[in-house]
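Understanding the architecture of this molecule
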Amino acid sequence: MKPRRQSSKYVIQQLLIILLIILIACLLFALGLMIGYGVIGNGDSMWSILSPTKWQELIGKFTGK
């Protein structure tokens, strides 16, 4: 049986790996949005897709509000 200290270190290490993967996924998602909106689509600017006002506009189009 492993000592308690080693098992807690393992759990913390695994949680850090998961957090790193989530961070990388969020960065790639934002990069994909920017490329899709600004380069492939005919958007104004690559950076405008990350603004809250643009997201309110997009959500409003889908919900009808």
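Thresholds, definitions, all that
Residues numbered from 1 in each chain as written. Predicted model: local features only at pLDDT ≥ 70, side-chain atom pairs only at ≥ 80, totals over all residues. Heavy atoms only, no water. UniProt positions renumbered as here; feature names shortened; annotations may be inferred. Helix = DSSP H or I, 4+ residues; strand = E, 2+ residues; numbered from the N terminus. Salt bridge = Lys/Arg side-chain N within 4 Å of Asp/Glu carboxyl O. Buried < 20%, exposed > 50% of the residue type's maximum accessible area, 1.4 Å probe, protein only.

For the protein chain, an unreviewed UniProt entry supplies the name DNA-directed RNA polymerase subunit beta and the organism Streptococcus rupicaprae.

In this section: the UniProt feature "transmembrane region" (unreviewed entry) in the protein chain. Under the UniProt annotation, "transmembrane region" (unreviewed entry) lies at residues 12-40. Secondary structure content for residues 12-40 is 100% helix and 0% strand, and the end C-alpha separation is 40 Å.

In total, this model carries two salt bridges according to the counting rule given. Lys54 is the salt-bridge partner of Glu57, the closest N and O atoms lying 3.6 Å from each other. Placement of both Glu57 and Lys54 in helix H2 (residues 52-63) is noted, with a separation of three residues, approximately one turn of the helix. Put simply, Glu57 and Lys61 hold a salt bridge, and the shortest N to O gap is 3.7 Å. With a gap of four residues between them, Glu57 and Lys61 both fall in helix H2, about one helical turn apart. A residue is classified by how much of its surface remains accessible, and Glu57, at 38% relative accessible area, is partly exposed. Ionic contacts of the salt-bridge type, sharing partners, join the residues Lys54, Glu57 and Lys61 into one network.

On to the environment of Trp47, then. Residue placement: Trp47 occurs in the loop between helix H1 (4-40) and H2. A relative accessible area of 59% means that Trp47 is categorised as exposed. Between the C-alpha atoms of Trp47 and Gly60, which are 13 residues apart in sequence, the distance is 20 Å.

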